[in-house]
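Coordinates in review
Each chain, written out:
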Amino acid sequence: MRRPSTHDAIVIGAGPAGTSAALALARRGWAVAIVEKSAFPRRKVCGEYISASNLALLDRLEIGDAWRAAAGLEIRRVGLFSGDTSIEAPMPGARSGSAARDGFGRALGRDILDTLLLDAARSAGAEVFQPCRAVAVERDSDCQTVLIQATGEKSSDEATILRAPVIVAAHGSWEPGPLPSQLAKSSRPSDLLGFKAHFTGSSLPPDLMPLLTFPGGYGGMVLADHGRMSISCCIRRDMLTRLRGSLARERGGHVSAAEAVEHHIMATCRGVREALEQAHLDGPWLAAGPIRPGLRAGYEADIFRVGNVAGESHPIIAEGISMALQSGWLLVQELGAAASGRGEREAAGRRYEAAWRGLFSTRVLAAEAIARIALGPGGAALMEAVVCNFPQALTLGARLSGKTKPIPGLADGRVARGR
Ligand SMILES: Cc1cc2nc3c(=O)[nH]c(=O)nc-3n(C[C@H](O)[C@H](O)[C@H](O)COP(=O)(O)OP(=O)(O)OC[C@H]3O[C@@H](n4cnc5c(N)ncnc54)[C@H](O)[C@@H]3O)c2cc1C
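Description of the structure in this document. (Residues numbered from 1 in each chain as written. Predicted model: local features only at pLDDT ≥ 70, side-chain atom pairs only at ≥ 80, totals over all residues. Heavy atoms only, no water.)

**Brief notes about the overall build of the protein chain**
When its secondary structure is counted, the protein chain shows 12 helices and 22 strands. For a compact globule of 419 residues, the expected C-alpha radius of gyration is about 22 Å, and the protein chain comes in at 21 Å, within 12% of that figure. Considering the protein chain as a whole, with its 419 residues, one finds that 56% of them fall into the buried category. For the protein chain, restricting intrachain contacts to residue pairs at least 6 apart in sequence, the fraction spanning at least 24 positions comes to 72%. Taken as a whole, the protein chain presents about 16,800 Å² of accessible surface, with 54% of it coming from carbon and sulfur. Both charge centroids of the protein chain, one from 49 positive and one from 42 negative side chains, sit 3 Å from each other. (Helix = DSSP H or I, 4+ residues; strand = E, 2+ residues; numbered from the N terminus. Rg over C-alpha atoms; globule rule 2.2 N^0.38 Å. Buried < 20%, exposed > 50% of the residue type's maximum accessible area, 1.4 Å probe, protein only. Contact = heavy atoms within 4.5 Å. Areas by Shrake-Rupley, 256 points an atom, 1.4 Å probe, with all protein chains shown as cover. Lys, Arg positive; Asp, Glu negative; His and termini not counted. Charge placed at Lys NZ, Arg CZ, Asp CG, Glu CD.)

See the structure below:
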């Protein structure tokens, strides 16, 4: 066991939530450690669309221009591909701040986005421990310790101890594990498993992001960077088991989960079939989950939680990256200049939870309602009927999901730089 190294804050996980918190803290002069179990760049199950509402934050974190230079084209139309139906409507544009300058969201591969964010945090002074897994959090007088172990090629049982008063859990919600902030394992027939792939040569219009519905699941498609089309979806565990079984019988051999998912979406959704007609798979399909939608604590057992750990919306609204980036920022606003005592941290935790709920609860609930309809019996047909008669429902849905909601204190420029 190596001697503890002491920081002001330890952030566990370098997804968008962890890196936005680490970057904002480092820019305020905090000594920050960030622990990430995977080597970057790495691909990830995610649709990769980012709403324009985040641009003010990315600019404040001084990575807006790098993001603009790397991301795909503006997504100006939202659509629904369901059965033989393909409908589209205008995407609502952002109304204020630098988001208004850009107006619309865009997509950027998570291999590129997450590396960009982590590099920025490192340049701002955060100390990065990667690839290293956090395996325990323990109290040590008024500080806490995080035990980390190297993973990958240099994996070892030897633990390094990091020590800090502030611990931020940003490890996502899809993997069970020993940390107090990790969720218990789940395995129910109704669980939703996530899948994602990149294709090149797709005929999907570069400014259109359709929502996909198909029996037992939902998904989305969007053109990201370098001509890569990102297709991602969630499918019920029981439906996937049935599909694999029937396809294996039909083909007389083993069928992977990804093969079954791709076959099912292509067979049941004309818009996907047409968009992928001339396209080529770019890299393997990825799988993750089950996803864990819902509202959770933002501060518990003296650990602050950001991103999916604090709460998660069904990805049917493609707002998880926004919530991750913005929750990291919200937390840093509430942590203040110092949070060295437990009482101060508890007060900051209460303020942060209130701010989190004010900004995100509506979209989590809206996503839950839309997902229930999409997954329920006759739900896809109902959505098709509504959207065929009233395409603006798509625009309204996108607005309700928070796509144009400004980040408090950023869009109106009231928060001074470095506050
Ligand atoms: C099918 C699907 C499509 C989606 N599409 C979109 C979309 O288009 N737009 C959108 O905004 N959102 C989308 N989302 C949601 C989005 O991907 C997540 O909400 C977002 O990634 C959450 O960010 P995070 O930083 O909280 O966690 P993550 O991105 O999961 O990052 C957590 C990080 O922590 C690391 N980690 C985990 N455990 C440990 C440990 N013990 N020690 C050290 N490191 C650890 C992981 O390696 C990972 O890098 C989609 C989700 C799914 C399932």
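Anyway, onward from the coordinates.
**Overview of the sheet that holds strand β9 (residues 132-140)**
With mixed pairing, the 4 strands of this open sheet are ordered in space as β1-β11-β10-β9. Two strands close off the open sheet at either side, each with one partner strand: β1 (5-6) and β9. By the bridge criterion, 6 bridges tie strand β10 (residues 143-150) to strand β11 (residues 159-164) in an arrangement that is antiparallel. Looking across to β11, one finds that V146 is bridged to L162. (Pairing = 2+ DSSP bridges.)

**Digging into the environment of E262**
Relative to the assigned elements, E262 resides in helix α7 (residues 257-268). For the pair formed by E262 and F195, sequence separation is 67 residues and the distance between their alpha carbons is 9.4 Å. E262 has contacts with F199 and W285, leaving out every residue within four places of it along the chain. Engagement of the side chain of E262 in a polar contact is seen with the side chain of W285, the distance being 2.8 Å. (Polar contact = N/O pair within 3.5 Å; in protein donor to acceptor, adjacent residues only side chain to side chain.)

**Some points on the layout of surface pockets**
To find the voids left in a structure, one rolls a probe of water-molecule size over its atoms. There is about 360 Å³ of room inside the second largest pocket. With 4 residues, helix α10 (residues 342-375) is the single largest residue contributor to the lining of the second largest pocket. Taken together, the residues of the lining of the second largest pocket sort by class into 5 nonpolar, 3 polar and 6 charged. (1 Å grid on protein atoms, 1.4 Å probe; cavity = no way out; pocket = protein on both sides within 12 Å on 5 of 7 lines; lining within 4 Å. Points joined across faces, edges and corners; volume = space filled by probe spheres on them. Nonpolar A, V, L, I, M, F, W, Y, C, P; charged D, E, K, R; others polar.)

**Things to note about the side chain of H314**
Take H314: it is sitting in the loop between β22 (311-312) and α9 (320-335). There is a polar contact of 2.8 Å between the side chain of H314 and the side chain of Y218. In this structure H314 touches L192, Y218, I291, P293, A367, E368 and A371, once residues within four positions along its chain are discounted.

**Brief notes about the state of the cysteines**
In this structure the tally under the stated criterion is 0 disulfides. Unpaired in this structure, C143 has its nearest cysteine sulfur neighbour in C132, at a distance of 20 Å. (Disulfide = S-S within 2.5 Å.)

**What about the pairing of β11?**
By the criterion of burial, β11 is predominantly enclosed, with 5 of the 6 residues buried. Of the strand pairs in this sheet, β1 and β11 are connected by 2 bridges, and their pairing is parallel. Looking at the pairing, T6 lines up with R163 of β11.

**Comments concerning the site of the ligand**
In the region of the ligand, 38 residues are neighbours, and E36, G47, R110, N308 and I321 sit closest. Note that an oxygen atom of the ligand is positioned 2.6 Å from one of the side-chain N or O atoms of E36. Within the complex, 96% of the 1,000 Å² of free accessible area of the ligand lies under protein. Where the shell around the ligand is concerned, the elements lending two or more residues are α1 (16-27), β9, β16 (229-236) and α9. In terms of residue count, α9 provides more of the shell around the ligand than any other element does, 4 residues in total. Grouping the amino acids of the shell around the ligand by side-chain chemistry returns 19 nonpolar, 11 polar and 8 charged. (Near = heavy atom within 4 Å.)

**Quick look at the packing of α9 against α10**
Two numbers describe how α9 lies on α10: the axes approach to 8 Å, and their chain directions differ by 155 degrees. If you check the angle between α9 and α10, you find them roughly antiparallel. For the element pair α9 and α10, the recorded crossing hand is right-handed. Residue-level contacts link S322, M323, Q326, S327, L330, L331, E334 and L335 of α9 to A348, R351, Y352, A355, W356, L359, F360, R363 and V364 of α10. Grouping the amino acids of the contact of α9 with α10 by side-chain chemistry returns 11 nonpolar, 3 polar and 3 charged. (Axes fitted to C-alpha atoms, helices over the stretch in contact; angles between N-to-C directions. Parallel < 35°, antiparallel > 145°, perpendicular 65-115°, else oblique. Left-handed = near helix turned anticlockwise from the far one by under 90°.)

**Topic: the sheet that holds strand β8 (residues 127-129)**
Here we have 6 strands laid out as an open sheet, ordered β8-β3-β2-β12-β21-β20, and mixed in their pairing. Of all strands in the sheet, those with a lone pairing partner are β8 and β20 (299-300), marking the two edges. Bridge count for β20 against strand β21 (residues 303-305) is 2 bridges, and the pairing is antiparallel. Within the sheet, the bridge partner assigned to E300 lies in β21 and is I303. Those strands touched by α1 are β2 (9-12) and β3 (32-35), and its axis lies near 165 degrees from that of β3.

**Considering the side chain of Q333**
The topology assignment puts Q333 in helix α9. Of the polar contacts made by the side chain of Q333, one reaches the side chain of R28; its length is 3.5 Å.

**Things to note about unusual backbone geometry**
Following F40, the chain continues into P41 via a peptide bond in cis, with omega recorded as -5 degrees. Looking at the secondary structure, you find P41 in the loop between β3 and β4 (49-50). Cis geometry marks the peptide bond from G289 to P290; its omega dihedral reads 10 degrees. Mapped onto the fold, P290 is located in the loop between β18 (286-288) and β19 (294-295). For E62, which is not glycine, the phi dihedral falls at a positive 65 degrees. Summarising the element assignment, E62 is placed in the loop between α2 (55-60) and α3 (64-70). For H226, which is not a glycine, the phi torsion comes out positive at approximately 50 degrees. Along the chain, H226 turns up in the loop between β15 (217-223) and β16.

Keep in mind these values describe shape, not function.
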